[in-house]
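A look at the structure
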Amino acid sequence: MTTTTNVHGTMLRPGDDGYDETRKVWNAAIDHRPAVIARCSSPADVAAALEYGQVNGLEIGVRGGGHNYGGAAVPEDGLMIDLRGLDQVVVDPATRRARCGGGATQAQLDAAAQAHGLAVTGGTISHTGVGGLTLGGGMGWLTRAHGLTIDNLVSAEIVLPDGRCVRACADEHPDLLWAVKGGGGNFGVVTEFELQLHPVGPMVHLGILLWDAEHAGEGLRVARDVANGLPRDAGAIIVALNAPPAPFIPQEHHFALCVGLFVVGLSSADAHATLLAPARAVPPMVDFTTELPYCALQQLLDEAAPYGAAHAYNRALYLDDLTDAAIDVLAERLPRKASPMSLIPIFSLGGAFADVPDDATAFGGRRSARFAVNMDAIGPDADTMAADRQWVQELWTALLPHAGGPGSYVNFMTEYEQDRVRAAYGTAKYDRLAAIKAVYDPDNVLHRNANIVPMR
Ligand SMILES: Cc1cc2nc3c(=O)[nH]c(=O)nc-3n(C[C@H](O)[C@H](O)[C@H](O)COP(=O)(O)OP(=O)(O)OC[C@H]3O[C@@H](n4cnc5c(N)ncnc54)[C@H](O)[C@@H]3O)c2cc1C
């Protein structure tokens with residue numbers, strides 16, 4: 001192998017100190033061994049790494065937070081471009097904007113923004129990378145109040161596969177800015193995201209109601225009704241799971257199969273209490289409310305999704321409504337899962353998410369969808385995960401007739417089959433993305449993602 005370029009960050013190869021630790025990703029099922037890991041800490045490093053990979057014929061993966069279920073960041077025998085050295089977050093409280101490094105985690109962005117009482121929509125697990133999360137869309141507790149993360153993306157600094165470093169914004173490369181708002185890591189390596197922030201917290205209100213599996217149908221219906229009636233300044237996730245052994249759950253309910261409703265209120269405690277009250281029409285087995293700092297909310301679920309500790313697989317669908325028929329499918333199939341770690345989080349959309357026209361961003365999903373259903377097989381070992389992988393696939397198939405199509409959020413896809421990627425974007429958006437891909441990455445160098453094949 002020959003190298004023609006100089007990556008200033010460290011290059012790691014098999015056998016080097018730190019190689020094994022650095023190639024690990026969130027999903028323990030991924031055990032890929034790249035030929036080279038380029039640890040980058042500047043756009044110049046990224047440009048050099050991209051050139052190195054292409055000159056040496058290596059498949060290239062880009063690593064932000066390492067949360068991609070399928071291990072897209074870690075090519076076997078290829079080059080992993082590790083962005084963790086690009087993790088600076090600079091907040092300007094006057095303009096309420098953050099400049100966030102392409103390899104920063106959600107925790108780093110949240111901490112920097114909350115130092116000024118600000119936040120932007122992000123994921124619900126704090127060790128998720130802002131990079132992959134944003135490029136696919138980015139949904140979390142603030143989606144109804146402030147839209148997806150991409151709806152707050154003002155500009156992006158991007159290193160293109162040909163080595164040029166460009167800023168995509170309203171005035172420069174607007175097509176590229178549009179494409180990275182949902183089109184994934186297809187077009188270049190983003191070294192900096194400029195994000196619009198909003199006043200949030202610092203204290204927010206959380207309510208968690210859980211219903212036992214015997215009352216799963218009733219629980220899901222009342223959770224749906226509450227979610228559908230929420231104002232914009234509240235976010236919700238409906239979930240089917242085994243109750244975690246968390247301090248706020250009485251010990252006798254630890255690991256009990258159940259369904260739940262998490263409601264986050266961004267205004268007063270009284271307003272939050274009013275939102276939750278109707279959900280108690282079906283008496284919950286766990287009823288917990290608290291006030292907590294926004295950053296603590298963002299870390300609340302971290303222990304339930306520990307890094308590198310479990311094998312995972314997922315599939316997802318959008319629902320225009322969580323109909324009684326869809327709830328029947330969920331309630332009937334929930335008990336068939338084998339692993340207590342497997343779960344079905346259902347993100348409540350609407351509000352600011354629905355304000356954005358479908359063609360304003362490249363987001364893979366329709367803005368009319370009210371729920372994004374993520375079906376997660378998670379197990380301590382490969383066998384348990386394999387059983388629940390089948391559970392997920394069967395559940396996905398059973399839910400499909402209620403979904404209005406197989407398109408799903410690209411950030412909740414372990415496998416990127418071309419038909420499902422195309423379905424996620426729809427033909428018009430996919431074709432527009434393919435034309436932009438042909439301009440910025442005509443050789444499809446960056447293909448380890450929900451791949452947009454360059455238009456010929
Ligand atoms: C436990 C868990 C919880 C999650 N919760 C949420 C949630 O609440 N909301 C939500 O919306 N999603 C959620 N996700 C999905 C998550 O958004 C995606 O997995 C996302 O791809 C993770 O980004 P990452 O940078 O951590 O991953 P990585 O595996 O590092 O990157 C994934 C892909 O993104 C691209 N990429 C990453 N950074 C860059 C960059 N700077 N420039 C160019 N390309 C880049 C690359 O193609 C890379 O292969 C969750 C995932 C997990 C595992």
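See the structure above.
Conventions used here
- Residues numbered from 1 in each chain as written.
- Predicted model: local features only at pLDDT ≥ 70, side-chain atom pairs only at ≥ 80, totals over all residues.
- Heavy atoms only, no water.
- Near = heavy atom within 4 Å.
- Polar contact = N/O pair within 3.5 Å; in protein donor to acceptor, adjacent residues only side chain to side chain.
- Helix = DSSP H or I, 4+ residues; strand = E, 2+ residues; numbered from the N terminus.
- Nonpolar A, V, L, I, M, F, W, Y, C, P; charged D, E, K, R; others polar.
- Salt bridge = Lys/Arg side-chain N within 4 Å of Asp/Glu carboxyl O.
- Buried < 20%, exposed > 50% of the residue type's maximum accessible area, 1.4 Å probe, protein only.

Around the ligand lies a shell of 35 residues, among which Gly-64, Gly-66, Gly-129, Met-139 and Tyr-409 are the nearest. One of the backbone nitrogen or oxygen atoms of Met-139 is found 2.6 Å away from a nitrogen atom of the ligand. Breaking the shell around the ligand down by element, the ones donating at least two residues are strand 3 (60-63), helix 4 (130-136) and strand 10 (189-196). For the shell around the ligand, the leading source of residues is helix 4, giving four residues. Along the lines of polarity and charge, the residues of the shell around the ligand split into 16 nonpolar, 17 polar and two charged.

To continue, consider the pattern of salt bridges. What the rule picks out here adds up to 23 salt bridges. Between Arg-224 and Asp-324 there is a salt bridge; the shortest N-O distance is 2.9 Å. Of this pair, Arg-224 sits in helix 7 (residues 216-228) while Asp-324 sits in helix 10 (residues 324-333); the two residues are 100 residues apart in sequence, bridging distant segments of the chain. Under the relative-accessibility criterion, Arg-224 is labelled buried at 10%. By relative accessible area, Asp-324 is classed as partly exposed at 36%. One salt bridge in this structure joins Arg-315 and Glu-417, with 3.3 Å as the shortest N-O distance. Of this pair, Arg-315 sits in strand 16 (residues 311-319) while Glu-417 sits in the loop between helix 12 (382-399) and helix 13 (418-425), and the two are 102 residues apart along the sequence.

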